[in-house]
Amino acid sequence: MSSKIVIVDYGMGNLHSVNKAIAVVGGDPVISSDAAVIAQADKLILPGVGAFGDCMANLQRSGLVPILQKYLHSGRPFLGICLGMQVLFEGSDEAPGVKGLGYFQGQVRRLDTALKIPHMGWNKLSLRSSSPLLQEAGDEYVYFVHSFHVEPQQQELITAVCDYGMEVTAGGGGGGGQGVRPAAAAVYRLFSSIQKNQAGQALACCALLRSGSHDNFSCYRYPRRPLRQIDGRSF
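The text that follows walks through the structure, step by step, so that each part is easy to find. Please read these numbers as outputs of a predicted model, since none were measured by experiment.

1. A word on the packing of aromatic side chains
Then, number 1: Under the criterion given, the structure shown has 3 aromatic pairs.
Then, number 2: For the pair Tyr71 and Phe78, a centre-to-centre distance of 6.3 Å together with 50 degrees between the ring planes defines the contact as tilted. Phe78 shares its class with Tyr71; the two are buried.
Then, number 3: An aromatic cluster of at least three residues, connected via ring pairs, comprises Phe89, Tyr103 and Phe104.

Spelled out as structure tokens, the structure:
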């Protein structure tokens, strides 16, 4: 019996592109804004495009904040995409005073670099430590479009970085979740990696991925190399 994968619909996020990307690797996701459906998911995906404050306002308005917080501590796989990754932290420079979901201790900070913001273009990942999601991503070029990055309180959570006139957090791990910073096209790559390396243990993309044993927040977007089709039935 396949796992129930639910994509959270709270009014922000490229839902249908994420849906298609998951289907390509063998998943059968459901898009839902129903709190009961979301709470009962086997694997949950929180996409997001836009501003931190608007994202949290929509989640509050939808009554999903306590649902997501409970889910995050349940041990089930969770994937946050872009804003879906950022809101897992306590707050953001983009929206002072607005609380995130607080699953991870730390803040989302504006990039402090002399280079042009937003950080937009190809950049190379450098792995810091082992990560089930990033096993084959060392020295991979991925595409970034962002002005903020996460700064976890526990620096040992960081598993990947890139250089943009400063060290930008591109991936991390520890505890119970994983995530990245890509757009929907990157979801294909991530889910392929997850399928291959974790056999359904975790999820992640332009957001944050959560497994039973790892937390990761990473940056992925439109990999240069051709995407490899793999068996997604294990997810």
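2. Examining the sheet that holds strand β6 (residues 106-110)
Then, number 1: Read across the sheet, 3 strands follow the order β5-β6-β10 without closing on themselves; strand pairing throughout is mixed. The open sheet has two edge strands, β5 (91-92) and β10 (148-152), and neither has a second partner.
Then, number 2: The pairing of β6 with β10 spans 5 bridges and is classified as antiparallel. What sits directly across from Val108, in β10, is Val150.

3. A closer look at the nonpolar core
Then, number 1: One finds Leu44, Leu59 and Leu68 to be the most contacted residues of the largest nonpolar core, which totals 31 residues.
Then, number 2: Counting only elements with at least two residues in this core, the list comes to β1 (5-8), β3 (43-46), α3 (52-61), α4 (65-72), α5 (83-86) and β10.
Then, number 3: Among residues more than four places away in sequence, those in contact with Leu59 are Tyr10, Leu46, Leu64, Val65 and Leu68.
Then, number 4: The next biggest cluster of nonpolar side chains, apart from the first, holds 10 residues, and it includes Leu111, Leu125, Phe144 and Ala160.

4. Digging into the side chain of Ser147
Then, number 1: By the secondary structure assignment, Ser147 is in the loop between β9 (141-146) and β10.
Then, number 2: Judged by its relative accessible area of 18%, Ser147 is buried.
Then, number 3: When sequence neighbours within four positions are dropped, the list of residues in contact with Ser147 reads Arg109, Arg110, Leu111, Ile117 and Pro118.

5. Points about the pattern of salt bridges
Then, number 1: For the structure on display, the rule yields 2 salt bridges.
Then, number 2: Asp93 is the partner of Arg109 in a salt bridge, and the nearest nitrogen-oxygen pair spans 2.8 Å. Separated by 16 residues along the polypeptide, Arg109 in strand β6 and Asp93 in the loop between β5 and β6 bring together distant segments of the chain.

The rules behind the values
- Numbering of residues starts from 1 in every chain and runs along the sequence as written.
- Only residues with pLDDT of at least 70 are given local features in this predicted model, and only at 80 or more are side-chain atom pairs given and counted; all residues enter the totals for whole chains, interfaces and linings.
- Neither water nor hydrogens contribute to the side-chain values; these are computed over all heavy atoms in the structure.
- Here is the rule: rings of Phe, Tyr and Trp (six-membered ring for Trp) pair when centre to centre is within 6.5 Å. Planes less than 30 degrees apart are stacked, more than 60 are edge-to-face, and the remainder are tilted.
- Residue burial is assigned from relative accessible area. The probe radius is 1.4 Å, only protein chains are included, and a residue is buried under 20% of its type maximum, exposed over 50%, and partly exposed in between.
- DSSP bridges decide pairing: two strands pair if at least two such bridges lie between them.
- Going along the chain from the N terminus, every DSSP run of H or I of four or more residues is numbered as a helix, and every run of E of two or more is numbered as a strand.
- In these notes, a set of buried Ala, Val, Leu, Ile, Met, Phe, Trp, Tyr and Cys residues joined through side-chain atoms within 4.5 Å is what counts as a nonpolar core.
- Residue contacts are defined here by distance: any two heavy atoms, one from each residue, within 4.5 Å place the two residues in contact.
- Salt bridges are defined by distance alone: a side-chain nitrogen of Lys or Arg within 4 Å of a carboxyl oxygen of Asp or Glu.

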